[in-house]
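# Inside the fold
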Amino acid sequence: MPTDVIMPQMGESIFEGTLTKWLKKAGDRVEKDEPLFEISTDKVDAEIPSPVAGVLSEIKVPEGETVEVNTVVAVVTEHGEAVAVVGKKAQAGQAGETRAAVSTPAASGSSVPKAAALAPKAQLAPPQVVDGERIRSSPLVRKIAAEHNIDLSLVAGTGSDGRICKEDVLRHLSEHGAGSAAASDATRSGAVAQPTASALAGQVVPLSRMRAIIAEHMVESKRISPHVHTVYKVDMTRIVKIREREKAGFERANGVKLTFMPFIAAAVVEALRKFPVVNASLESGAIHYHQNINLGIAVALEWGLIVPVVKEAEVLSFLGLARSIADLAERARTKKLKPEEASGSTFTLTNSGVFGDEFSTPIINQPESAILAISGLKKEAVVLTDAEGNDTIAIRSMQHFTLGFDHRTIDGADACRFMLELKKTLEGWDKKIG
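So, here is what we can say about the structure in this document.

Parameters and conventions
Residues numbered from 1 in each chain as written. Predicted model: local features only at pLDDT ≥ 70, side-chain atom pairs only at ≥ 80, totals over all residues. Heavy atoms only, no water. Helix = DSSP H or I, 4+ residues; strand = E, 2+ residues; numbered from the N terminus. Expected span 1.5 Å × (residues − 1). Pairing = 2+ DSSP bridges. Contact = heavy atoms within 4.5 Å. Axes fitted to C-alpha atoms, helices over the stretch in contact; angles between N-to-C directions. Core = buried A, V, L, I, M, F, W, Y, C linked by side-chain atoms within 4.5 Å. Buried < 20%, exposed > 50% of the residue type's maximum accessible area, 1.4 Å probe, protein only. Parallel < 35°, antiparallel > 145°, perpendicular 65-115°, else oblique. Left-handed = near helix turned anticlockwise from the far one by under 90°. Nonpolar A, V, L, I, M, F, W, Y, C, P; charged D, E, K, R; others polar.

## A few points about helix α9 (residues 318-333)
- Look at α9: 23 Å from first C-alpha to last across 16 residues, which is about the 22 Å you get at 1.5 Å a residue.
- Phi turns positive, to about 60 degrees, at K335, one or two residues after α9.

## Quick notes on unusual backbone geometry
- A cis amide bond links Q366 to the next residue, P367, at an omega of 5 degrees.
- With respect to the helices and strands, P367 occurs in the loop between β19 (347-351) and β20 (370-385).
- Although it is not a glycine, S284 sits at a positive phi angle of roughly 55 degrees.
- Along the chain, S284 turns up in the loop between β13 (281-283) and β14 (286-288).
- Here the phi dihedral of K335 falls at roughly 60 degrees; this positive angle occurs in a residue that is not glycine.
- Tracing the sequence through the fold places K335 in the loop between α9 and β19.

## Describing the pairing of β19
- Both strand β15 (residues 295-297) and β19 contribute to a ladder of 3 bridges, which runs parallel. Residue G296 lies in a different strand from β19, and its bridge partner there is T348.

## A short note on the sheet that holds strand β21 (residues 391-406)
- Read from one edge of the open sheet, 6 strands run β12-β21-β20-β19-β15-β18, paired in mixed fashion. Taken across any chain shown, the strands that pair with only one partner, and hence form the sheet edges, are β12 (227-235) and β18 (309-310).
- Pairing geometry for β15 and β18, over 2 bridges, is antiparallel. For G296, the partnering residue across the bridge sits in β18 and is V309.
- Most of the contacts of helix α8 (residues 261-274) go to β19, to which it runs at about 150 degrees, and overall it touches β15, β19, β20 and β21.

## Notes on the nonpolar core
- Formed by 77 residues in total, the largest nonpolar core has its most connected members in V73, L295, F347 and F401.
- When residues in this core are grouped by element, the largest group, 10 residues, is from α8.
- With residues up to four places along the chain from it excluded, the contact list for F401 reads T230, V231, Y232, V234, M236, I264, L372, A373, I374, M419, L422 and L426.

## Looking at the pairing of β21
- As paired elements, β12 and β21 share 9 bridges and run antiparallel to each other. By the bridge assignment for β21, V228 is matched with F405.
- In the sheet, β20 pairs with β21 via 14 bridges, with the strands oriented antiparallel. Considered in β21, the bridge of A381 is made with I395.
- Between β20 and the antiparallel strand that follows it, β21, lie 5 residues; G389 among them carries a positive phi value of about 90 degrees.

## Regarding the packing of α8 against α9
- Contact geometry of α8 with α9 gives a least axis separation of 9 Å together with a crossing angle of 120 degrees. Relative to α9, the element α8 lies oblique. For the pair α8 and α9, the sense of crossing is right-handed. Seen from α8, the contacting residues are M261, P262, F263, A265 and A266; seen from α9, they are F318, L321, A322 and I325.
- When the residues that make up the contact of α8 with α9 are grouped by side-chain class, the tally is 9 nonpolar, no polar and no charged.

By themselves, these figures tell us nothing about what the structure is for.
Okay, structure coming up:
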């Protein structure tokens, strides 16, 4: 029995999605709940599983096309012989990769006609094996690799379970050329290949769905909110020492790594409780003071940026915050987030410090009124003054924090009071972390 695979509705306010990548090709056998394709919406990127076990007998929508929810994008045949069918809309995107027979489904109520897959025009190389494990790749990928003398063990796969897709091998070819010895040396040494200037020079690359949405939101935020930024330097030495002392035991006891983010998140929650206007939104000419503190934690992905949300952060313990942040970040990177987990934030944290910046001036995540940028943690020589007024110089772990805020809602004085409370909590940390 054929089963339609539809574009799912990933949240009440989402009415369309972009099919960004097929993880299977027409004619492939799939298991129930096995990832079938990837989609991108204005809330989240996600892998969509197969609703049944069987054969992907028809692909109706090609990669890169945006369709409304409930649109049939593919057909899975649960029983019988594999029938590789590519719909007219998908032929352009699949013609190079799928050399299966193309047939037209029978009229309603009749069975799908059987068709044997056509043999490839050229003999393809068998799948490569490295350290006893087969490299996951399609016949087309192996054909391209054979034609250009590319070692597939050197190509980073972006598909399901590291599967090498057509785009991966073409990207490798554009960056390193055919049979690149330099690429081999770099990969064996553990280096990650990055697009070179020569590979990108002169190209016009269309915006991805996620990149286009980010661009739209950023321009809209700058148009709506008069942005003001205030920067504070915080002495994180006490927290650095606590983390260094406790991180091994914390991970053993709780199964989650002890990072700096839960310390910062807990301090932010405490400051927001005391200054709720920083957690508010301006709506229809009135200030909406939110009942809960929903922390958005920006996560940088290889293909863009996403902001999963820790809901009701004010009721979570330190451990609860640590677990929630780690879980959401991991599922954001593996495209396992639900749409509701990437919406509804009332205040956002963005950590550019992982890239070593001094400080940054972030754009507010609408409809919020403020966003906190966390910059690089660095050791500095600092002048310390004791209770008697004596000055000494010491090496301390210092970090810049930048609050970007909407001046329509938040006055400079309130923004500075919030930051002083954050600074006081971090520098004098006295909370339990277990």
